[in-house]
Every structure is written in C-alpha cells, then in structure tokens.
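# Tertiary structure, described
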Amino acid sequence: MKTLKGTATRPTTDRVKESLFNIISAYIPKSNVLDLFAGSGSLGIEALSRGAAYAVFADKSRESCGIIKENLAFTKYTEKSEVLLMGFTQTLAKLAVEGRKFDVVFLDPPYNKNFIQEALIILAKNDIIRENGILVAEHHIDDRLPEYCGKLKFRRKQKYGDTVISIYQCEGTHLTEQEVFL
C-alpha cells in the first residue's frame, strides 16, 4: 500500500496496528467503520480486510484522499467504501445530518495540535457511534483524555513507546455537559 511521503503524517506502525486489531477483533466483522484523519487509510482498510462491511475515510488533504483511493483500488475495497475530502468537524456534521452511525471509529489526529480532545467532544455531540460501538483514539503519551465524553466511556489503553491507543465504548446513558470531563 502507498503512504504519504514526508513528515506531514505519522502512519500507525505495523506493530501497533497488529496489536490494536487483536484487541478489537470482536468488533470488526460486519461493522461500519469511520476512519478520521485517515492519512493513507491503513486502519480502515485493515478493518475491511478483517471483515468490516463498509468504511468511510475522511481527511482534509487532497493528497491523502488520492492515496486512500489508490489503496482502496489496489485492495479491491472501492465498492465497500467512500472517501470524504473534508476536515473532521465537517465530516462529523455531514454524517450526523445524514443520520449515519458507526460501529467502529478510528481517530488518529496529528500529535501536538490539540485535536484529540476537540475531536472527542465533537464525536460525542454528534452521536454517530452506535450503542456498544467503539472509538479507537491513537494519541501521544502526554495527551490526557477524559474517562467520559458524552456517551463515550473510557475502557482501555495500551502504550507503545510515545504512542497510546485509548479505546472508548458508547454507552446508552448520555452525560450532561458538566459531566463530560470528569
């Protein structure tokens, strides 16, 4: 598969990806997947290769979206996917208006840009994760994430050097604005 050249992106390493998919393997078959900050699309494509029904890839970079489309064509998953050339806030607003829900959401924003907290809040407010669905956030070890964010409840984290994978699950109870960052 193709990746972006240069240091503008930070692809998930094969070691982290393999470990992550071992952890979340029960959620993947027949799931609808959203890959935000998709880069080359490797997380969503891996989910498709493991039996996901459909994947939406979103990235604001035209170059990234081109590479995702090439990778989908190469892996023959074009029919089971769509690529959105837009930022994460626009993507989440569009999907919410369309009433779309996902079983698995991958959130892998650039490090040190304060996107992780903002993205969690916007995801929680747009209510696009199905009940019992999961959010997988890849972030820097120094990022502090809340235990709850709306219906999302922190379940597990795994450290890989400076990289951390945090997994949230969508529960039925919606928390108030004041409870979001307890």
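So, here's what we can say about the structure. (Residues numbered from 1 in each chain as written. Predicted model: local features only at pLDDT ≥ 70, side-chain atom pairs only at ≥ 80, totals over all residues. Heavy atoms only, no water.)

### Topic: the sheet that holds strand E2 (residues 54-59)
We apply this condition: Here the rule is simple: two strands pair whenever DSSP picks up at least two bridges between them. We count a stretch as a helix when DSSP gives it H or I for four or more residues in a row; a strand needs E for two or more, and each element gets its number in order from the N terminus. Contacts between residues were defined by any pair of non-hydrogen atoms, one from each residue, lying within 4.5 Å. Lines fitted to the C-alpha atoms define the axes, with helices restricted to the stretch that makes contact. Angles between their N-to-C directions range from 0 to 180 degrees.
Sheet architecture is open: eight strands sit in the order E3-E2-E1-E4-E5-E8-E7-E6, paired in mixed fashion. Either end of the sheet is taken by a strand with one partner, and the two such strands are strand E3 (81-85) and strand E6 (148-149). The strands that helix H4 (residues 88-97) touches are strand E1 (32-36), E2, E3 and strand E4 (102-107); relative to E1, the one it contacts most, it runs at about 155 degrees. Those strands touched by helix H5 (residues 115-126) are E1, E4, strand E5 (129-140), E6, strand E7 (152-160) and strand E8 (163-170), and its axis lies near 170 degrees from that of E5.

### Topic: the packing of aromatic side chains
To keep things clear, this is the line we draw: The criterion for an aromatic pair is that two Phe, Tyr or Trp rings (for Trp, the six-membered ring) have centres within 6.5 Å, with stacked assigned to planes under 30 degrees apart, edge-to-face to planes over 60 apart and tilted to the rest.
This structure, assessed with the given rule, holds five aromatic pairs. On the numbers, 5.8 Å between centres and 70 degrees between planes, the contact of Phe88 with Phe115 is edge-to-face. Here Phe88 is found in helix H4, whereas its partner Phe115 is found in helix H5, with 27 residues between them in sequence. Aromatic ring contacts, followed pair by pair, group Phe37, Phe88 and Phe115 into a single cluster.

### Some details on the packing of H4 against H5
To be explicit about the condition: What sets the label is the angle itself: under 35 degrees gives roughly parallel, over 145 gives roughly antiparallel, 65 to 115 gives roughly perpendicular, and the rest give oblique. The residue classification treats Ala, Val, Leu, Ile, Met, Phe, Trp, Tyr, Cys and Pro as nonpolar and Asp, Glu, Lys and Arg as charged. All others, Gly included, are polar.
Viewed as axis vectors pointing N to C, H4 and H5 meet at an angle of 10 degrees, and their least axial separation amounts to 10 Å. Judged by the angle between their axes, H4 and H5 are roughly parallel. Residues Phe88, Thr89, Leu92, Ala93 and Ala96 of H4 touch H5, and the partners they reach there are Phe115, Glu118, Ala119, Ile122, Leu123 and Asn126. Looking at side-chain class alone, the contact of H4 with H5 contains eight nonpolar, two polar and one charged residues.

### Re the side chain of Ser81
Which entries qualify depends on this criterion: Any residue under 20% of the maximum accessible area for its type is buried, any over 50% is exposed, and the rest in between are partly exposed; the area is computed with a 1.4 Å probe on protein chains only. Polar contacts, as used here, are pairs of N or O atoms within 3.5 Å; protein pairs need one atom able to donate a hydrogen and one able to accept it. Residues neighboring in sequence count only if both atoms are side-chain atoms.
With respect to the secondary-structure elements, Ser81 resides in strand E3. With relative accessibility at 11%, the residue Ser81 sits in the buried group. Polar contacts involving the side chain of Ser81 include one to the main-chain carbonyl oxygen of Tyr77, which spans 2.9 Å. Among the polar contacts made by the side chain of Ser81, one reaches the main-chain carbonyl oxygen of Thr78 at a distance of 3.3 Å.

### Some thoughts on the pairing of E5
What counts here: Whether a crossover is right-handed depends on one test, that the path from the first strand over the helix to the second runs clockwise when the strands point away from the viewer.
Burial analysis of E5 places nine of its 12 residues in the buried class, which makes it a mostly covered element. Summarising the sheet, E4 and E5 pair through five bridges and their orientation is parallel. If you follow Val104 over to E5, its bridge partner there is Ile134. Read from E4 through H5 to E5, the crossover connection turns out right-handed. Pairing analysis gives seven bridges linking E5 to E8, with the strands arranged antiparallel. In the strand pairing of E8, Leu135 is matched with Tyr168.

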